[in-house]
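Spelled out from the first residue to the last, the chains are:
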Amino acid sequence: MSVTQTCRDVSELSSVAQTAIKLLFQEFYKAGITDVFVTETYRSQARQKYLYAQGRTRPGNIVTWTLNSNHASRRAWDIAVAPPKSLYDVATLNRAGAVARKLGITWGGDWAAKNIDRPHFEVQPSWKMPKGYKIEGTVTIPTSSNTSVNLVTNVAAVGKPKEDEDELKFSSPSARALWETMITSKAQREIVIQAAVEAGYSENWIKDLEDGKVEPGDLAGLMAGTLVKMHKQIK
């Protein structure tokens, strides 16, 4: 691969990093962070030197502060934010970084000011999945801003037709029925409210949910982690 090309293949990461990135994106979706995608995984040392030269011995802005990146060790990856937000939307990356901290994944946004790198995440070889977490089925990891992630089935839909942009694809008719009645069914609403409390949602958000003022689309992130639970308790 040319030093000018990026590798976005998650399988090029170490086994530890592959587990970490899957867990990270799974928890992104649960937190409602659905508009981020991977921009680079493995980076050869030759490419690292090429990038380091930019803004120093080669024209352009400085894009990296080190010649010793964990990208070359297959333990690091970078992400970006899909339109209409800016590519490196600070608010979104800060939310992503907060999720990473809970998982023991190093976030470049926590580095010293001169080295801060919000799109960057990495793990040490000794990283282990924190107690209480597990990979829940197949986790889709987008590698393009043109990949949308279905929060209910966690399946990627690349190049989704425009007319379907606001329609979620459900795993079954019963799943769709649960979604459509969530606001009007008291029993279902109570399950989601409990999940919201456990997830740390604000009191105002929960009050709006109790009052039936929250639109179904606003529940997407929370719904991703509660749909199965709701189905078992309500059916």
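Predicted model only: the values in this text are computed from it and were never measured.

(A) Quick peek at the confidence of the model for the protein. Averaged over all residues, the pLDDT of the protein is 79; the fraction at 70 or higher stands at 63%. In the model, residues 158-168 has pLDDT below 50 throughout and makes eleven contacts with residues more than four positions away in sequence or in other chains.

(B) Representation of the packing of helix H1 (residues 15-30) against helix H3 (residues 90-102) within the structure. Running from N to C, H1 and H3 point in directions that differ by 125°, and their axes come no closer than 10 Å. One element, H1, and the other, H3, form an angle in the oblique class. In terms of crossing hand, the pair formed by H1 and H3 is right-handed. The residues of H3 that touch H1, namely those facing Leu24, Glu27 and Phe28, are Ala96, Val99 and Ala100.

(C) View of the side chain of histidine 71. Within the secondary structure, histidine 71 is located in the loop between helix H2 (45-53) and strand S2 (76-81). The residues touching histidine 71, leaving out its near neighbours within four places in the chain, are Glu40, Thr41, Tyr42, Arg43, Ala76, Trp77, Asp78 and His120.

(D) Quick look at the pattern of salt bridges. In this structure the tally under the stated criterion is eight salt bridges. A salt bridge links lysine 85 to aspartate 35, with the shortest nitrogen-to-oxygen separation between them at 3.0 Å. With lysine 85 in the loop between S2 and H3 and aspartate 35 in the loop between H1 and strand S1 (36-40), this residue pair connects regions lying 50 residues apart in the sequence. Owing to a relative accessible area of 37%, lysine 85 belongs among the partly exposed residues under this scheme.

(E) Expanded view of the pairing of S2. Burial of S2 is extensive: six of the six residues sit out of reach of the surface. Burial along S2 is two-sided: the face carrying Ala76, Asp78 and Ala80 and the face carrying Trp77, Ile79 and Val81 are both buried. Note: S1 against S2, four bridges, orientation antiparallel. Paired with valine 38 across the two strands is isoleucine 79, which belongs to S2. Judged from the three bridges that link them, S2 and strand S4 (residues 120-122) form a sheet pairing that is antiparallel. Bridge pairing links tryptophan 77 to phenylalanine 121 in S4.

(F) Main features of the environment of threonine 4. Note that threonine 4 resides in the segment before H1. Considered as a pair, threonine 4 and arginine 47 are 43 residues apart in the sequence and their alpha carbons are 7.0 Å apart. Each residue touching threonine 4, except ones within four places of it in the same chain, is listed here: Arg47 and Tyr50.

(G) Structural context of the sheet that holds S4. If you walk across this open sheet you meet the four strands as S1-S2-S4-S3, and the pairing is antiparallel. Both edges of this open sheet fall to S1 and strand S3 (106-107), since each of them pairs with a single strand only.

(H) Here's a closer look at H2. Of the positions making up H2, those classed as buried are Arg47, Gln48, Leu51 and Ala53. Taken together, the buried residues of H2 touch S1. Positive backbone phi, approximately 85°, marks glycine 55, located one or two places after H2.

(I) Fine view of H3. For H3, spanning 13 residues, the distance from its first C-alpha to its last is 19 Å, which sits close to the expected 18 Å at 1.5 Å a residue. Here H3 has its buried residues at Thr92, Leu93, Ala96, Gly97, Val99 and Ala100. On an axial view of H3, the arc spanned by its buried residues comes to 160°, and they lie on one face. Buried residues in H3 make contact with H1, S1, S2, S3 and S4. Following H3 by one or two positions, glycine 104 has its phi on the positive side, about 75°.

(J) Expanded view of the packing of aromatic side chains. Across all of its chains, the model carries four aromatic pairs by this definition. Between phenylalanine 25 and phenylalanine 28 the ring centres are 5.1 Å apart and the planes differ by 65°, which places this aromatic pair in the edge-to-face class. Within this pair, phenylalanine 25 and its partner phenylalanine 28 are both found in helix H1, separated by three residues, close to a single helical turn. A relative accessible area of 0% means that phenylalanine 28 is categorised as buried. Ring geometry for phenylalanine 28 and phenylalanine 121: centres 6.4 Å apart, planes at 70°, overall edge-to-face. With phenylalanine 28 in helix H1 and phenylalanine 121 in strand S4, the pair connects residues that are 93 residues apart, well separated along the chain.

Calculation notes
- Residues numbered from 1 in each chain as written.
- Predicted model: local features only at pLDDT ≥ 70, side-chain atom pairs only at ≥ 80, totals over all residues.
- Heavy atoms only, no water.
- pLDDT = per-residue confidence, 0-100.
- Contact = heavy atoms within 4.5 Å.
- Axes fitted to C-alpha atoms, helices over the stretch in contact; angles between N-to-C directions.
- Helix = DSSP H or I, 4+ residues; strand = E, 2+ residues; numbered from the N terminus.
- Parallel < 35°, antiparallel > 145°, perpendicular 65-115°, else oblique.
- Left-handed = near helix turned anticlockwise from the far one by under 90°.
- Salt bridge = Lys/Arg side-chain N within 4 Å of Asp/Glu carboxyl O.
- Buried < 20%, exposed > 50% of the residue type's maximum accessible area, 1.4 Å probe, protein only.
- Pairing = 2+ DSSP bridges.
- Expected span 1.5 Å × (residues − 1).
- Arc of directions from axis to C-beta.
- Phe/Tyr/Trp six-rings, centres within 6.5 Å; stacked < 30°, edge-to-face > 60°.

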